[in-house]
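What the coordinates show
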Amino acid sequence: MEILMCIIAGLLFAAAVYLMLSKSLLRIIIGTGLLSHGTHLMLLTMGGLKTGAVPVLGEHASTYTDPIPQALILTAIVISFGVTAVFLVIAYRAYQEIGTDNMEQMRGMETDD
Amino acid sequence: MINLPILPILIPLVSAVLLLFLSKRVYAQRVVSVAASFATVIAAAVVLMKVKTDGIQTVDMGSWPAPFGITLVSDMLSILLVLTSSVITLCVVIYSFRSIGSGREAFYYYPIVQFLLVGVNGSFTTGDIFNLFVFFEIMLMSSYVLIVIGGTKAQLQESIKYILINVISSAIFVIAVGFLYSVTGSLNMAHISARLTDIGGEPIVTVLALLFLIVFGLKGGIFPLYFWLPGSYAAPPAPVLALFGALLTKVGVYAILRTYTLFFYHDQPFTHDILSLLALLTMIAGSVGALAYKDVKQILIYNIVIAVGVLLFGIAIMTEESIAGTLFYFIHDMIIKAALFMLGGIMVWITGTSKMDKMGGLIRQYPALGWTFLTASFALAGIPPLSGFIGKLLIVRAGFESGEYVGAIVVLLSSLAVLYSVVTLFMEVFWKKPKLPQLHAKKQTSSLFLPAAALVVLSVLYGVGTEAVYPYVMQAVEALIHPEIYIDAVLKE
Amino acid sequence: MKTNDVIFQTVAKVVFFMIIFFAVHLFFAGHYYPGGGFVGGLLTSGAIVLLLLAFDIKTVRHGFPLDFKWLIGLGLLFSVGTAAGSLLFNVPFFTHAYNYFQLPLFGKTSLHTAMLFDLGVYLVVIGVTMTIIQTIGESE
């Protein structure tokens, strides 16, 4: 199971890298989304996918899953949600101001103070 | 009060929330910002005194005992950096009144600066590796807004690259934390350190060391990973640039310092050699940039890269003397970088251009600005008795003692490059003939100049009063060289 | 071309309240069961977005005459306030208090200060999501 998860995470990374290397801004943002999905899957796998019940409240549970990776992923998901949202807003503003979503053309702007 | 170490994080956080409500009242925002920044400085100073007398302070958040919950740890290193960051933020906030522009002031500039301080102080203070990631993200989110605030074309264009780089580095950070968790089964930094000592120099630990180096290197701007830095830092206005230059890259370097002294000191021949090689290349690359550009902002930005190289070299040698030198240089560089960027911002503001060959002759109308800038430049290059001297001296001496002759010589040469680049800047901008005809009317600069001058004075005092700072720095070095002190203080064994 | 969205608008009016109630349910389920402020907040903003789709920004602004950025501040105030409350009792930061109470109607209920923190999260999530969607949607 772990190996399968690792392969899936790897596939997600591959897709993310492909998308992030493209010129279109929107594809790049989708790529960062896939990248964080792959990361979260990786994190879950790293904590161990052993059989077991949910992390429970109580002292007599015989089997339970490690809750820490889940807590970490929850935090990481919230953070990547926020970052993606900010990224989208800024990308949209950039598209309006600069008039292109092509990264090739998005350069050489003079800084002005 | 047992919550003392949290105050330098909590005060900016609460004030940031209050400032959100005051977004339309610029004057009230200024008052609250200055008051909050001042209170943060006071709180940090109080914690510093407490750490000095009672040793390392910890807070177990939510009353969960140490290896299980999130622990905030104020050791001497953390609190010294927290105090420096708070002082710099206070000066930058005052500097912003005139320079940031009313559009940005009304658009949540002040709350975001406070959020940035939350992230920076939190990163310095936290004792939990995942919590470090969270505080990094708070800091980065604020920096995303600060880099784009105002929304000029250049800012938008650069911010996209900046965000993309940081999203990727955050992803690698989470992966590295995942690996570290699967290897050690813990997130508490002290606990991880203890577990890694049991594991010893396994290859996987070295892989982890390199993963963390990539993550923090991207943030700190070390050799192959600094490519985003000159472009992104040149886009935002001067006060934001001062904050970024003084604080953001230093948080990355702090994280390298912390992880490489606490976690990854078992395979030093490999990890620290790579670190030292990268440090040299960073210094060389930074020097080339600083000498090549004819632009005030770019020259100062490449000086950030050089300073990161010097700091990394100090970390790589890993002797008591070199770490002490690193700490001296660390604090000096934060203060002086903020001051230089603020002074550079005034120069750009007066002349309306950042191209050095279009300026000239400013010394006639702005003598105080010129001489302050020259003092700051000398301090940056490390001329005695100014503040950069003692740090570089210790690093170079430690380098020669441990046989790293090439590195020590490169540090000395890079100082020369720094001196040459900033003195050229001084000559071109302040000496020479005035080239801009509209300069006859003298602009009123005192409200911009005073906070910058305050930082320069602080830096001079820091250089002259090295003797007074010495015991504090040595206490920090003690805990870095002997991780057991840190571990025992956190786990309370 | 004027689209005929009578069915959508009518359904949206009903479904909006169903989503809101489910969001509230999820919010209170949090802590011991799956749910909590983040999911609840996302679902609530999802409901508001449904109204945005069915009607337009003006109508929704009329229905919710508040600045969503203000909601972010309020939510943060709740969360930070709950955490900072521990300063008053001189216990470590973020320490929560909880107990079981015999309430009328509900019977034995667990009341927890973590709920106040979660309320802050709930408000922040609504505030952030709606601010972003409005920022992008407004200019069209």
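Quick summary incoming for the structure in this document. This structure is a prediction, so every number in the text was calculated from the model and none was measured.

Within chain C, the secondary structure is distributed over five helices and two strands. Reading chain C from its N terminus to its C terminus gives the helix and strand order α-α-α-α-β-β-α. On C-alpha atoms alone, chain C measures out to a radius of gyration of 18 Å, which is more than a quarter above the 14 Å that the 2.2 N^0.38 rule sets for 140 residues. Each of the three principal axes of chain C carries a C-alpha extent, and together these read 65 × 35 × 20 Å. By the burial criterion, 36% of the 140 residues in chain C qualify as buried. Considering only contacts in chain C between residues 6 or more positions apart, those separated by 24 or more positions represent 64%. On chain C, roughly 8600 Å² of surface is accessible, and the fraction owed to carbon and sulfur atoms is 72%. When the 6 basic and 6 acidic side-chain charges of chain C are each reduced to a single mean position, those positions are 6 Å apart.

The secondary structure content of chain B amounts to 20 helices and two strands. In terms of overall dimensions, chain B is globule-like: its C-alpha atoms have a radius of gyration of 21 Å, near the 23 Å expected for 493 residues. Expressed as lengths along the three principal axes of its C-alpha atoms, the size of chain B is roughly 70 × 55 × 45 Å. Residue burial in chain B is summarised as follows: out of 493 residues, 68% are buried. Considering only intrachain contacts with a sequence separation of at least 6, the fraction spanning at least 24 residues in chain B is 81%. Surface accessibility of chain B: about 15400 Å² in total, with carbon and sulfur atoms responsible for 70%. Of the side chains in chain B, 27 bear a positive and 24 a negative charge, and the two mean positions are spaced by 22 Å.

Another point: the pattern of salt bridges. Should their charged atoms come close, side chains of opposite charge can pair. Residues and elements named next belong to chain B. All chains considered together, the criterion is met by eight salt bridges over all chains. Ionic pairing is found between Asp295 and Lys355, a salt bridge with its closest N-O pair at 3.6 Å. Residue Asp295 is found in the loop between helix H12 (268–292) and helix H13 (296–317), and its partner Lys355 is found in the loop between helix H14 (320–351) and helix H15 (367–381); the two are separated by 60 residues along the sequence. Among the charged side chains, a network of salt bridges with common partners joins Lys250, Asp333 and Lys337.

So, on to the interface of chain A and chain B. With 37 residues of chain A at the interface, the matching set in chain B holds 34 residues. Approximately 3100 Å² of surface area, both sides summed, lies buried where chain A meets chain B, with 80% of it carried by carbon and sulfur atoms. Inspection of the region where chain A meets chain B yields zero salt bridges. The interface formed by chain A and chain B holds zero residue pairs in polar contact (both at pLDDT 80 or more) in total. Elements represented by at least two residues in the side of chain A that touches chain B include exactly helix H1 (2–20), helix H2 (25–46) and helix H3 (67–98) of chain A. Sort the elements by how many residues they give to the side of chain A that touches chain B and H3 of chain A lands first, with 16 residues. Looking at the side of chain A that touches chain B, its residues break down into 23 nonpolar, seven polar and seven charged.

Residues and elements named next belong to chain B. Within the span of helix H20 (residues 483–491), buried status applies to Pro483, Tyr486, Ile487, Val490 and Leu491. Take H20 and look down its axis: the buried residues cluster within an arc of 110°, on one side only. Tucked into the core, H20 has its buried residues touching strand E1 (57–60), strand E2 (71–74), helix H8 (189–199), helix H11 (238–262) and helix H19 (466–481). Downstream of H20 by a residue or two, Lys492 has a phi angle that is positive, lying close to 55°.

For the rest of this paragraph, the subject is unusual backbone geometry. Across the junction of Pro384 of chain B and Pro385 of chain B, the peptide omega takes the value 5°, indicating a cis bond. Turning to its location among the elements, Pro385 of chain B is positioned in the loop between H15 and helix H16 (388–401). Located in the positive-phi region is Tyr108 of chain B, a residue other than glycine, with phi close to 60°. Tracing the sequence through the fold places Tyr108 of chain B in the loop between helix H4 (102–106) and helix H5 (109–125). One non-glycine residue with positive phi stands out, namely Asn90 of chain C, at about 55°. Residue class for Asn90 of chain C comes out partly exposed when judged on its relative accessible area of 40%.

On to H11 of chain B, then. Residue and element names in this part refer to chain B. Taking 1.5 Å per residue as the helical rise, H11 with its 25 residues ought to reach 36 Å, and the 36 Å between its terminal C-alpha atoms agrees with that figure. Phe244 marks the point of greatest bend in H11, at about 35°. H11 sits mainly inside the fold: 25 of its 25 residues count as buried.

A word on the interface of chain A and chain C. Where interface size is quoted, it is often the accessible area lost as the parts come together. Across the boundary between the two partners, chain A contributes seven residues, which contact nine residues of chain C. Counting across the interface, chain A meets chain C through zero salt bridges. Our enumeration of links across chain A and chain C arrives at zero residue pairs in polar contact (both at pLDDT 80 or more). A class-by-class count of the residues in the side of chain A that touches chain C yields six nonpolar, one polar and no charged.

Conventions adopted
Counting restarts for each chain: residues are numbered from 1 in the order of the written sequence. Whichever chain is written first becomes A and whichever ligand is written first becomes 1, with later ones labelled in order. Only residues with pLDDT of at least 70 are given local features in this predicted model, and only at 80 or more are side-chain atom pairs given and counted; all residues enter the totals for whole chains, interfaces and linings. Only hydrogens and water are set aside; all other atoms, that is, all heavy atoms of the structure, feed into the side-chain values. The helix and strand labels rest on DSSP assignments: H or I over at least four residues marks a helix, E over at least two residues marks a strand, and numbering proceeds from the N terminus. Both definitions apply: the radius of gyration is a C-alpha atom measure, and the globule rule equals 2.2 Å times residues to the power 0.38. Relative accessibility under 20% of the residue-type maximum defines a buried residue, over 50% an exposed one, and the middle range a partly exposed one, all with a 1.4 Å probe and only protein chains included. Two residues form a contact once any of their heavy atoms are found within 4.5 Å. All accessibility values rest on the Shrake-Rupley procedure with a 1.4 Å probe; residue burial counts only the protein chains present in the view. His is not counted here, nor are the chain ends, while Lys and Arg score as positive and Asp and Glu score as negative. Throughout, a charge is located at the NZ atom of Lys, the CZ atom of Arg, the CG atom of Asp or the CD atom of Glu. Between Lys or Arg on one side and Asp or Glu on the other, a salt bridge is scored when a side-chain nitrogen of the former is within 4 Å of a carboxyl oxygen of the latter. By convention, the term buried area covers the 1.4 Å-probe accessible surface removed from two parts as they join, with the contributions of both added. Think of a polar contact as two N or O atoms within 3.5 Å of one another; within protein, one of them needs to be a possible hydrogen donor and the other a possible acceptor, and neighboring residues in sequence only count if both atoms come from side chains. Residues are sorted three ways: Asp, Glu, Lys and Arg are charged, Ala, Val, Leu, Ile, Met, Phe, Trp, Tyr, Cys and Pro are nonpolar, and all the rest, Gly among them, are polar. Here the arc refers to the set of directions running from the helix axis out to each C-beta atom. By this rule the span expected of a helix is its residue count minus one, scaled by 1.5 Å. Bend at a given residue is defined as the angle between two axes, one fitted to the seven residues that end at that position and one fitted to the seven that begin there.

By themselves, these figures tell us nothing about what the structure is for.
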